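Here is how the chains run, residue by residue.
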Amino acid sequence: MNPSPVLTQPVGIIGAGVAGLIGAHVLLQDGFSDVTLLTRDRSVGGTWARERIYPGLHINNVHGEYKFSQLDMPPPERSDSTGGRLTGTTMRDYMENFSKTFLEGRAKFRFQTEVLDIRRVKASENGEPSIWNVEVKDLQSGSTEILSFGRIILATGGCSNPKIPTELSPETAQKAGYRGLVFHTSKFAQHLEQILKEIPPSGKDDKPGEDEDMVVVVGCGKSAQDVCAKLANEGRRVAVVFNRADMFLASSQPAPDFIRKSRFVSLFLPHPSTGAQADAPTHSSFNAYNIPTDSPFRHTDPLFWGVRLSDDGVIRNDSFYGLVNAGAIKIVALHRVTGYSNDGKGVLLDDGSTLRAKVIVLATGYQSSWSGIFSQETIDGIGIGKHPPTIPIVNTWKYTSMKNAPQLHPDNEKWATSIYRGIVPAKNILHRDFAIAGAVVSSSSFVEVTSVYTEFDDECHSSEPTQGDRMKLPATKEEALLAAEKESVRMKIRFPNMLSWVNDSYSTSLDFWTWPQAADDLLEDMYLPSVRSGGNWLTWLFKPIDTKELITLADERRRLRSKPL
């Protein structure tokens, strides 16, 4: 039997990180024969690509939490002493192994390819597919060309486009006469060897002075802490400048799987499908590292109301906070860096003082990875951008745990987004030719389910009835827009200040704590079984969730297709 025309249409996936790789695998599993991944990197992995990671880098997840259903992951190095904390090298090797095992020879890869513009030149109509043109630049030759696809999956993630304030940029540093090295944390791995050569190890008898060799890290998020820890562990002088720290989790022993990897915590938190009424069992971990009550590290956003969280896991002497306690990292807080000093030897602080350094590392976050690759016409046409609100921001959920919420950030009242389920621009939902993957603050299990949902959406309204899948979707664009904006309102109520700083390409869904419920909602939309961990009425809440629960999804969908519509 000849394959459905839908399955032979070329699909372009923008990005080769976690979402791009699993998205390509799902498409190939379901019979799509022309899948191309575009990435400006030299290798797969996205955030964990070979050129971005460095020895000693740890991530917020433990072994078993961040993997795909089709491929097991070996335990990371030093697993016993870190509580199974995953490392950058573990993630790099896993992504490369997954690509080699499941995608090599089946999907097409275009490495070192910069996407310059994505635009739809023809929308799907009367059974005819859409035509998307993607202008790309070969980063080796400098040549440009236009690639055409029938469908686009945007899997660029939220941590690939550095956000650098103008007053701190390398260009501003050069104009100010600063003679040291300035770069964003995303380039740390590339500059690490140079830093270790230029900054000599500190000695026990050294007396830090005005002209000491030092690295200054601006910011105190997860990337900043990783950089500080790496340099301190290498014996280099490093200082961190910040005005507000991130909340973190840490304990003397690893959290048991029945708490960390189950639905237990998430079920106590507010989500539309559960309507939790109890206070969330969240807690700070200051005591684990004996952080004093007057420490600037306690100047954080409330844990319950945010998604800025660093999971340190088991307390370790070589972790950021362990090194801070040992005096190996200099703390400059609560301050902001306002520019570069006039003598060309360091940075200016908001109190007028100067902090000298030979290297400045900017841990200043990321901006939307969608910036610059869509024209305003395309943004408006498919509905991927922000727009003025059409419904009021009103808390209709009334959960007990959401009483006494922080005040809503004023910027949140000026705009709304309309990305249905955090995956499909609601305005474009009837065309089934564009989806967003990986633009969520969540787990790998949720990313894998969203990838299935993305592919499912591509097929379910195809021109071939026998290829269509049952799926709960809005019947009209207007219905989808209303549902998507209601979800946008819910995120603003749930996280009053987060959407004012989290970039667009990383905040289509903030199911940070409640990803099990969100994944179950998507599975039920696809008429697939949810709450797949098993257990009875008493134990299901504590059953650890494993991505292997998703390994049969392709077969389950095939069985659904075989049934009469």
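Residues numbered from 1 in each chain as written. Predicted model: local features only at pLDDT ≥ 70, side-chain atom pairs only at ≥ 80, totals over all residues. Heavy atoms only, no water.

**Some points on the sheet that holds strand β10 (residues 181–184)**
Sheet strands associate in pairs through backbone hydrogen bonding, adopting either a parallel or an antiparallel arrangement.
Okay, so step 1: Here five strands make up an open sheet; going across it, the order is β10-β19-β11-β12-β15 and the pairing parallel. Each of the sheet's edge strands pairs with one partner strand only, and the pair in question is β10 and β15 (330–333). This sheet shows a mean twist of 20° between the axes of neighbouring strands, independent of strand direction.
Okay, so step 2: One ladder, built from four bridges, connects β10 with strand β19 (residues 359–362); its direction is parallel. Its bridge partner lying in β19, Leu-181 is registered against Val-359.
Okay, so step 3: The sheet strands contacting helix α6 (residues 188–198) are β10, β11 (215–218) and β19, and the helix crosses β10 at an angle near 155°. (Pairing = 2+ DSSP bridges. Helix = DSSP H or I, 4+ residues; strand = E, 2+ residues; numbered from the N terminus. Axes fitted to C-alpha atoms, helices over the stretch in contact; angles between N-to-C directions. Contact = heavy atoms within 4.5 Å.)

**Focus on the packing of α6 against helix α7 (residues 222–233)**
The geometry of a pair of packed helices is captured by two quantities: the angle between their axes and the separation between those axes.
Okay, so step 1: Two numbers describe how α6 lies on α7: the axes approach to 12 Å, and their chain directions differ by 25°. As judged from the angle between their axes, α6 and α7 are roughly parallel. Crossing hand, α6 versus α7: right-handed. Residues Phe-188, Leu-192, Ile-195 and Leu-196 of α6 pack against Val-227, Lys-230 and Leu-231 of α7.
Okay, so step 2: Along the lines of polarity and charge, the residues of the contact of α6 with α7 split into six nonpolar, no polar and one charged. (Parallel < 35°, antiparallel > 145°, perpendicular 65-115°, else oblique. Left-handed = near helix turned anticlockwise from the far one by under 90°. Nonpolar A, V, L, I, M, F, W, Y, C, P; charged D, E, K, R; others polar.)

**As for the confidence of the model for the protein**
Okay, so step 1: Per-residue confidence for the protein gives a mean pLDDT of 87, with 90% of residues at or over 70.
Okay, so step 2: Scored below 50 in pLDDT, residues 276–283 makes 26 contacts in the model with residues more than four places away or belonging to other chains.
Okay, so step 3: Within the model, the stretch residues 459–467 combines pLDDT values under 50 with 24 contacts to residues more than four positions away or in other chains. (pLDDT = per-residue confidence, 0-100.)

**Points about the nonpolar core**
Okay, so step 1: Grouped together as the largest cluster of nonpolar side chains are 108 residues, with contacts concentrated most on Ile-13, Ile-195, Val-215, Val-217, Phe-297, Phe-320 and Ile-329.
Okay, so step 2: At eight residues, the largest contribution of residues to this core is made by helix α2 (residues 18–29).
Okay, so step 3: Apart from residues no more than four positions distant in its own chain, Ile-13 is found in contact with Gly-20, Gly-23, Ala-24, Leu-27, Val-35, Thr-36, Leu-37, Leu-38, Ile-153 and Ala-155.
Okay, so step 4: Counting residues in each nonpolar core, the second largest holds 19 residues, with Ile-152, Leu-154, Trp-370 and Phe-374 among its members. (Core = buried A, V, L, I, M, F, W, Y, C linked by side-chain atoms within 4.5 Å. Buried < 20%, exposed > 50% of the residue type's maximum accessible area, 1.4 Å probe, protein only.)

**Side note on the environment of Thr-144**
Okay, so step 1: The residue Thr-144 is located in strand β8 (residues 144–149) in this model.
Okay, so step 2: Distance from Thr-144 to Glu-114, taken between C-alpha atoms, is 9.2 Å for residues 30 residues apart in sequence.
Okay, so step 3: Look past the residues within four positions of Thr-144 in its chain and what remains in contact with it is Leu-116, Glu-135, Val-136 and Lys-137.

**Here we look at the sheet that holds strand β1 (residues 11–14)**
Okay, so step 1: Judged by pairing direction, the sheet is parallel, and its five strands sit side by side in the order β5-β2-β1-β9-β22 without closing on themselves. Unpaired on one side and paired on the other, β5 (108–110) and β22 (434–436) mark the two borders of the sheet. Neighbour to neighbour, the strand axes of the sheet diverge by 20° on average, direction disregarded.
Okay, so step 2: Pairing of strand β2 (residues 35–38) with β5, which is carried by three bridges, proceeds in the parallel orientation. Opposite Leu-38, over in β5, you have Arg-110 as the bridge partner.
Okay, so step 3: Contacts from α2 reach β1, β2, β5 and β9 (151–154), with the element oriented near 175° to β2.

**Some thoughts on helix α12 (residues 477–494)**
Okay, so step 1: Relative to the 26 Å expected for 18 residues at 1.5 Å per residue, α12 spans 26 Å between its end C-alpha atoms, a close match to the ideal helical length.
Okay, so step 2: Buried within α12 are the following residues: Ala-480, Ala-484, Glu-485, Ser-488, Val-489, Arg-490, Met-491, Lys-492, Ile-493 and Arg-494.
Okay, so step 3: As for α12, its buried residues are in contact with β20 (419–420). (Expected span 1.5 Å × (residues − 1).)

**Focus on the side chain of Ser-319**
Okay, so step 1: The residue Ser-319 is located in the loop between β14 (309–314) and α9 (320–325) in this model.
Okay, so step 2: In this structure the side chain of Ser-319 is engaged in a polar contact, spanning 2.9 Å, whose partner is the backbone oxygen of Arg-316.
Okay, so step 3: Sequence-distant contacts of Ser-319, that is, excluding residues within four places in its chain, are made with Ala-229, Tyr-289 and Asp-312. (Polar contact = N/O pair within 3.5 Å; in protein donor to acceptor, adjacent residues only side chain to side chain.)

**Here's the deal with the side chain of Arg-494**
Okay, so step 1: Relative to the helices and strands, Arg-494 is located in helix α12.
Okay, so step 2: Buried charge without a partner: Arg-494 forms no salt bridge, and the closest opposite charge is Asp-511, 8.4 Å away.
Okay, so step 3: A polar contact is formed between the side chain of Arg-494 and the backbone oxygen of Phe-304, at a distance of 2.7 Å.
Okay, so step 4: Excluding residues that lie within four positions of it along the chain, Arg-494 makes contacts with Leu-269, Pro-270, Phe-304, Trp-305, Met-402 and Trp-513. (Lys, Arg positive; Asp, Glu negative; His and termini not counted. Salt bridge = Lys/Arg side-chain N within 4 Å of Asp/Glu carboxyl O.)

**Overview of the pattern of salt bridges**
Okay, so step 1: A full pass over the atoms with the stated rule returns 31 salt bridges.
Okay, so step 2: In this structure, Glu-114 engages Arg-40 in a salt bridge whose closest nitrogen and oxygen atoms are separated by 3.5 Å. Here Arg-40 lies in the loop between β2 and β3 (58–62) and Glu-114 lies in strand β6 (residues 113–122), a separation of 74 residues in the sequence.
Okay, so step 3: The partner of Arg-558 in a salt bridge is Asp-555, and the shortest N-O contact between them spans 2.7 Å. Within this pair, Arg-558 and its partner Asp-555 are both found in helix α14 (residues 553–562), separated by three residues, close to a single helical turn.
Okay, so step 4: Residues joined in a network through salt bridges with shared partners are Glu-65, Arg-85, Arg-260 and Asp-311.

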